[in-house]
Amino acid sequence: MLKNDLAKIFLYFAGVLVLGAFLAPLIFNVGKSVVDFRILPDGNYLEKVLRESDFKRYFNRAVMIAAAILLWPLLKSLRLKKADMALGWGETPGRDWMQGFLFAGGLLLTMGVVYVFLGYFNQDFDLTAGKLLQIVAAALVVSLLEEVFFRGIMLGQAVKSFRREWLALLVISAFFSAIHFLKPAGSVEIADEDVTWTTGFWILGQIFGQFSDIEFLLAEFLTLFAVGWACGIARLRTQALWLSMGLHSGWIFGLKLYEDLTEKTKPLKRGEFMPWVGGDLKVGLVPLIVVAITGWIVLALWNRRRNRRLVADVSQPL
């Protein structure tokens, strides 16, 4: 029964990709028709987005729509309980979240400062208050949604199915990493006039073709795998999602903030420092090491706090 439930989750993602690939050309044609027939006023924000977006962006939005359509049937079929998803408050939720956020974001940005000092990136301070709020909102929302789904629903089901935490962590961390690459590479270009009803499925082929690139696997896939592993360990040890959400939020915040404060040098754009240093703070073997160290430090500190509480409880007079 439990293995069937885990299979339902993987089937859900397969269904999302197929439905998204099918819907993408339809949504693309609707969006471009809205622009061509001037249904929205010129200069309107939505009209500008529809006009300037290429097929790859429409594909990404189609996948999101497919994920939303199929999510409710998935959750109904799993019949999950609150305890299965580690949605409890835990012992110190605020402290766990803040510790994870500060260490993840702080160490990542420290690495970024070293990158600037070594000449991999140039300073390009162009950050507004509105943009900072967008970065904070993205870090909070994305970490919440992804932690509830991957470390809450999926990891909970995997642990029950495999009966071994290390195997469940391995499978879900690899899946978490792979999911982040289900979008076409930046080098893929599709002219608007070339879009047909099968273009979405062609995009899928381009996406899965990325996994044959060994340098890509070493430099980026493993870093995201380490993120998934650290967040998964945090969820299993604390029996709650606060520490993992703090780590995830800190990494997203640091990554997006750094993108707005720096610009890539030409050698970096040419990939001259791969596989150690890539085009952003999540690409390369150096970020992989920093992420692994961050997870180890935060979990060690949490274990130390827990042991102190246990000693204090034992020493309390009866």
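Scroll up a little and you will see the structure.
Residues numbered from 1 in each chain as written. Predicted model: local features only at pLDDT ≥ 70, side-chain atom pairs only at ≥ 80, totals over all residues. Heavy atoms only, no water.

A.B. asks: How do you make sense of the overall build of the chain when you look at a structure like this?
C.D. replies: Looking only at helices and strands, one finds eleven helices and two strands in the chain. Counted from the first residue to the last, the chain has its helices and strands arranged as α-α-α-α-β-α-α-α-α-α-β-α-α. Each principal axis of the C-alpha distribution contributes one length, and for the chain these read about 80 × 55 × 40 Å. The buried share of the chain, taken over its 318 residues, is 42%. Taking the contacts inside the chain whose residues are at least 6 apart along the sequence as the reference set, 82% of them involve residues at least 24 apart. By element, 66% of the accessible surface of the chain is carried by carbon and sulfur atoms, the whole surface being about 17,300 Å². One finds the centroid of the 33 positive side-chain charges in the chain at a distance of 11 Å from the centroid of its 27 negative side-chain charges. (Helix = DSSP H or I, 4+ residues; strand = E, 2+ residues; numbered from the N terminus. Buried < 20%, exposed > 50% of the residue type's maximum accessible area, 1.4 Å probe, protein only. Contact = heavy atoms within 4.5 Å. Areas by Shrake-Rupley, 256 points an atom, 1.4 Å probe, with all protein chains shown as cover. Lys, Arg positive; Asp, Glu negative; His and termini not counted. Charge placed at Lys NZ, Arg CZ, Asp CG, Glu CD.)

A.B. asks: Can you help me understand the packing of helix H3 (residues 55-78) against helix H7 (residues 199-209) in this one?
C.D. replies: Closest axis-to-axis distance for the H3/H7 pair is 11 Å, and the angle between their directions is 90°. Taken as axis vectors, H3 and H7 run roughly perpendicular relative to one another. Taking contact as the criterion, the partners of Phe55, Lys56 and Phe59 in H3 are, on H7, Thr199, Gly200, Ile203, Leu204 and Ile207. (Axes fitted to C-alpha atoms, helices over the stretch in contact; angles between N-to-C directions. Parallel < 35°, antiparallel > 145°, perpendicular 65-115°, else oblique.)

A.B. asks: Just to check I follow, could you spell out a nonpolar patch on the surface for this structure?
C.D. replies: Residues Leu132, Val136, Leu140, Val141 and Leu145 make up a contiguous nonpolar surface patch of about 400 Å² in total accessible area. With respect to the element layout, Leu132 can be found in helix H5 (residues 129-162). Leu132 gets classed as partly exposed once you look at its relative accessible area, which sits at 34%. (Patch = residues over 30% accessible without salt bridge, like charges linked within 9 Å, V, L, I, M, F, W, Y side chains within 5 Å. Salt bridge = Lys/Arg side-chain N within 4 Å of Asp/Glu carboxyl O.)

A.B. asks: What's the story with the environment of Lys264 in this structure? I'm lost.
C.D. replies: Along the chain, Lys264 falls in strand E2 (residues 262-264). For Lys264, a relative accessible area of 42% puts it in the partly exposed group. Residues Lys264 and Glu147 lie 117 residues apart in sequence; the distance between their C-alpha atoms is 30 Å. Contacts of Lys264, omitting those with residues within four sequence positions, involve Tyr120, Phe121, Lys269 and Gly279.

A.B. asks: Help me understand the pattern of salt bridges in this model?
C.D. replies: Where charged atoms from two side chains of opposite charge come close, those side chains can pair. In total, this model carries seven salt bridges according to the counting rule given. Of the charged contacts, one joins Glu147 and Arg151 as a salt bridge, the two residues approaching to 2.6 Å between their closest N and O atoms. A residue pair is termed a helical-turn pair when its members lie 3 or 4 positions apart in one helix, as Glu147 and Arg151 do in helix H5 at four residues. Across the pair, exposure class does not vary: Glu147 and Arg151 are buried alike. Of the charged contacts, one joins Lys282 and Asp280 as a salt bridge, the two residues approaching to 3.1 Å between their closest N and O atoms. Using a relative accessible area of 24% as the deciding quantity, one classes Lys282 as partly exposed. Sharing partners across several salt bridges, the network here consists of Glu220, Asp280 and Lys282.

A.B. asks: What's the story with the packing of helix H4 (residues 93-118) against helix H9 (residues 242-261) in this structure? I'm lost.
C.D. replies: The description of two packed helices rests on the angle between their axes and on the distance between the axes. Here H4 crosses H9 at 30°, and the two axes come no closer than 7 Å. With respect to H9, the axis of H4 lies roughly parallel. Here the hand of the crossing between H4 and H9 comes out right-handed. Residues of the contact of H4 with H9, tallied by class, amount to 18 nonpolar, seven polar and one charged. (Left-handed = near helix turned anticlockwise from the far one by under 90°. Nonpolar A, V, L, I, M, F, W, Y, C, P; charged D, E, K, R; others polar.)

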